[in-house]
Amino acid sequence: APRVRGVHHAHRGLAVPPRLSATAMASPSPEKLRKIQYVRKHMLIKKVTDSVRQSSLAAVCHVGNLDVHQTRLVNRKLEGVGAQMLGTKNTLTRLGLERAGVEGLAPLLRGTTALATGPAEVPLAKALLELGKELPNFFVMGALVNGKRVLQVNDDAIGMDERARATPSPAP
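Here is what the cut-offs are and how they apply
Residues numbered from 1 in each chain as written. Predicted model: local features only at pLDDT ≥ 70, side-chain atom pairs only at ≥ 80, totals over all residues. Heavy atoms only, no water. Buried < 20%, exposed > 50% of the residue type's maximum accessible area, 1.4 Å probe, protein only. Helix = DSSP H or I, 4+ residues; strand = E, 2+ residues; numbered from the N terminus. Pairing = 2+ DSSP bridges. Expected span 1.5 Å × (residues − 1). Contact = heavy atoms within 4.5 Å. Arc of directions from axis to C-beta. Patch = residues over 30% accessible without salt bridge, like charges linked within 9 Å, V, L, I, M, F, W, Y side chains within 5 Å. Areas by Shrake-Rupley, 256 points an atom, 1.4 Å probe, with all protein chains shown as cover. Salt bridge = Lys/Arg side-chain N within 4 Å of Asp/Glu carboxyl O. Polar contact = N/O pair within 3.5 Å; in protein donor to acceptor, adjacent residues only side chain to side chain. Axes fitted to C-alpha atoms, helices over the stretch in contact; angles between N-to-C directions. Parallel < 35°, antiparallel > 145°, perpendicular 65-115°, else oblique. Left-handed = near helix turned anticlockwise from the far one by under 90°. Nonpolar A, V, L, I, M, F, W, Y, C, P; charged D, E, K, R; others polar.

Novice: Honestly, the pairing of strand β3 (residues 57-62) in this entry has me stumped. Any pointers?
Specialist: Side-chain direction in a regular strand flips from residue to residue, so the side chains alternate between the two faces of the sheet. Of all 6 residues that make up β3, 6 are buried, and the element is covered over most of its length. Here β3 shows no split at all, with L57, A59 and C61 on one side and A58, V60 and H62 on the other all buried. In this sheet, strand β5 (residues 113-118) lies alongside β3 in antiparallel orientation, the contact comprising 6 bridges. Each residue of the ladder has a partner; that of A58, found in β5, is T117. As judged from the 6 bridges shared by β3 and strand β6 (residues 139-145), these two strands associate in the antiparallel manner. The partner of A58 across the bridge, within β6, is L144.

Novice: Got a minute to help me understand helix α2 (residues 30-53) in this structure?
Specialist: The end-to-end C-alpha distance of α2 is 35 Å, a good match for the 34 Å that 24 residues give at a rise of 1.5 Å each. For α2, the set of buried residues is I45, V48, T49, S51 and V52. Here the buried face of α2 lies against β4 (84-86), α4 (90-99) and β5.

Novice: How do you make sense of helix α5 (residues 121-134) when you look at a structure like this?
Specialist: Since the α-helix advances by 3.6 residues per turn, residues separated by three or four positions end up pointing in the same direction. For α5, spanning 14 residues, the distance from its first C-alpha to its last is 20 Å, which sits close to the expected 20 Å at 1.5 Å a residue. When α5 is considered as a whole, its buried residues turn out to be L124, A127, L128, L131 and G132. Seen along its axis, α5 keeps its buried residues to an arc of 140 degrees; they face one direction. Summarising the geometry of α5, the exposed residues directed more than 90 degrees from the buried face are K126, L129 and K133.

Novice: I keep staring at a nonpolar patch on the surface and nothing clicks. Help me out?
Specialist: Together, Y38, V39 and M43 give the surface a local cluster of nonpolar side chains, amounting to about 350 Å² of exposed area. With respect to the helices and strands, M43 occurs in helix α2.

Novice: Sorry, what's going on with the side chain of S51 here?
Specialist: Structurally, the position occupied by S51 is in helix α2. Side chain to side chain, S51 and T117 meet in a polar contact 2.5 Å long. Not counting chain neighbours up to four residues away, the residues in contact with S51 comprise Q84, L86 and T117.

Novice: Mind showing me how you'd approach the packing of α2 against α4 here?
Specialist: The packing of two helices is summarised by the inter-axis angle and the distance between the axes. Between α2 and α4, whose axes approach to 8 Å, the crossing angle comes to 50 degrees. One element, α2, and the other, α4, form an angle in the oblique class. Considering the relative orientation of α2 and α4, their crossing is right-handed. In this structure, α2 uses K41, H42, L44, I45, V48, T49, V52 and R53 to contact α4, whose residues at the interface are L92, T93, L95, G96, L97 and R99. Here the residues of the contact of α2 with α4 are counted per class, giving 7 nonpolar, 4 polar and 3 charged.

Novice: Could you clarify how one ought to interpret the pattern of salt bridges in this entry?
Specialist: A side chain of one charge can pair with a side chain of the opposite charge when the charged atoms of the two come close. In this structure the tally under the stated criterion is 4 salt bridges. For D50, the salt bridge identified is with K46, shortest N-O distance 2.9 Å. One end of the pair, D50, and the other, K46, are both in helix α2, 4 residues apart, so they sit about a helical turn from each other. The salt bridge involving E130 is made with K77; its shortest N-O contact spans 3.1 Å. Here E130 is found in helix α5, whereas its partner K77 is found in helix α3 (residues 68-80), with 53 residues between them in sequence. One network of salt bridges, in which partners are shared, links K77, E130 and E134.

Novice: Got a minute to help me understand the environment of E134 in this structure?
Specialist: Tracing the sequence through the fold places E134 in helix α5. For the pair E134 and Q70, spaced 64 residues apart in the sequence, the C-alpha separation amounts to 9.5 Å. Here E134 is in contact with L73 and K77, once residues within four sequence places are set aside. Here the side chain of E134 touches K77 through a polar contact of 2.8 Å, side chain to side chain.

Quick look at the structure:
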């Protein structure tokens with residue numbers, strides 16, 4: 001690639017034109033930072049919305065304090081069944097669920113949670129149950145299959161580390 005006059009950033013292979021200094025490039029204005037944050041948040045909300053709309057199963061999972069190795073294990077296992085785990089702030093997840101027209105999961109978004117979504121409900125449900133057995137801080141708090149609630153944790157059990165806390169929801 002031809003080299004442009006100015007400061008060369010070897011680690012990125014980028015050249016900054018002489019009229020822009022490296023410090024000017026490194027620190028955007030507060031207004032620009034707000035715009036970036038705004039766009040980023042809306043992209044995450046859209047990702048949650050699209051993921052829920054395209055999935056037959058959506059589950060809110062308590063992920064506790066998973067380390068890097070455990071997080072990779074969760075992601076690999078879910079990718080193996082064509083699913084994904086979205087770890088966004090609860091407020092952004094709640095907004096994405098509302099925009100997707102999903103009711104019933106938003107009240108479960110408390111603490112350290114993530115949203116698992118996938119097109120095939122049986123393989124995803126099996127993978128989530130296996131992860132719950134393997135990882136002590138991972139469990140499903142509630143789930144929807146094709147928009148209908150099939151599982152919800154008792155409100156008084158949230159935050160406890162017992163496996164008997166999940167109960168099937170009454171049929172609507």
